[in-house]
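# Coordinates in review
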Amino acid sequence: SDEARLSLDEALGRQNNSKYVEIRVSIPLLDRRSERNNVARATNDLHVAELRLAAEKRSLENEVRLASQRVENAGTQLTLAERQVEITRRTMRLQLARYESGAISSLEFLIDQSNTRSAEIALIDAQVEMLEAGEEWRRAIGERSLIATGGGSSGNGAQR
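Residues numbered from 1 in each chain as written. Predicted model: local features only at pLDDT ≥ 70, side-chain atom pairs only at ≥ 80, totals over all residues. Heavy atoms only, no water.

### Here's the deal with helix H3 (residues 106-140)
Helix length check: H3, at 35 residues, gives a terminal C-alpha distance of 50 Å against a target of 51 Å (1.5 Å per residue), a fit within 8%. Along H3, the residues classified as buried are Phe109, Asp112, Thr116, Ala119, Leu123, Ala126, Ala133, Gly134, Glu135, Arg138 and Ala140. Once H3 finishes, Gly142 follows within two positions and takes phi at roughly 90 degrees, a positive value. (Helix = DSSP H or I, 4+ residues; strand = E, 2+ residues; numbered from the N terminus. Expected span 1.5 Å × (residues − 1). Buried < 20%, exposed > 50% of the residue type's maximum accessible area, 1.4 Å probe, protein only.)

### Details of the packing of helix H2 (residues 32-101) against H3
Two quantities define a packed helix pair, namely the angle between the helix axes and the distance between the axes. At a minimum axis separation of 7 Å, H2 and H3 run at an interaxial angle of 160 degrees. Compared by their axis directions, H2 and H3 come out roughly antiparallel. Between H2 and H3 lies a crossing whose hand is left-handed. (Axes fitted to C-alpha atoms, helices over the stretch in contact; angles between N-to-C directions. Parallel < 35°, antiparallel > 145°, perpendicular 65-115°, else oblique. Left-handed = near helix turned anticlockwise from the far one by under 90°.)

### A short note on the pattern of salt bridges
The tally for this structure, following the rule as stated, stands at eight salt bridges. Among the salt bridges present, the one from Glu136 reaches Arg70, with a minimum N-O distance of 2.3 Å. Here Glu136, found in helix H3, pairs with Arg70, found in helix H2; they are 66 residues apart in sequence, far enough to count as distant. Across the pair Glu86 and Arg90 runs a salt bridge whose closest N-O atoms are separated by 3.5 Å. Of this pair, Glu86 and Arg90 are both found in helix H2, four residues apart, which corresponds to roughly one turn of the helix. Overall, Arg90 belongs to the partly exposed group, its relative accessible area being 42%. One network of salt bridges, in which partners are shared, links Arg70, Glu129, Glu132 and Glu136. (Salt bridge = Lys/Arg side-chain N within 4 Å of Asp/Glu carboxyl O.)

What follows is the structure, given as C-alpha cells:
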C-alpha cells in the first residue's frame with residue numbers, strides 16, 4: 001500500500017550507491033488451528049445430530065410398533081368381549097325360562113343377570129379401548145385424528 005511504497009522509495013533513496021537493497025516484508029501467517037478446531041467441532045456436531053436422528057427414528061419405529069400391537073390386542077379383546085356378551089345373553093334367556101318355571105332361585109337368576117351386565121360393560125370397555133388404540137395408531141403414523149376431523153363416515157360424506 002502507500003506506506004509500503006513510501007518505505008521502499010525511502011530505502012532506495014538512501015542506498016543509491018549501494019550494491020544491495022535489503023527489504024523486509026512481514027506477513028502474518030494465518031493460524032489454521034482455530035479453523036481446524038471449528039471443522040472438528042462441526043464434524044462432532046454432525047455426528048451427534050446423526051446419532052440423535054437415528055435414536056429418534058428408532059423411537060418412532062418403536063412407537064408405531066407398540067401402537068400396532070395395541071390395535072391388535074384391542075381387536076382381540078373386542079372379539080372376546082362380543083363373544084362373552086353373546087354367551088351371557090344366551091345363558092340369560094335359558095335362565096329366564098328356568099326361573100319362570102321355578103327350576104332356579106331368584107339369587108341364581110340375579111347372578112346370571114349381573115354376569116350379563118358385566119359382560120356388556122366389558123364390551124363397552126373393549127370398544128373404547130379399540131377407539132383409543134385406533135387414535136394412537138393414527139397419531140403414530142402421522143394421520144389426522146378422527147376425533148379432530150369430526151368422526152368417521154358422517155364427516156367424510158359431507159365433504160364429498
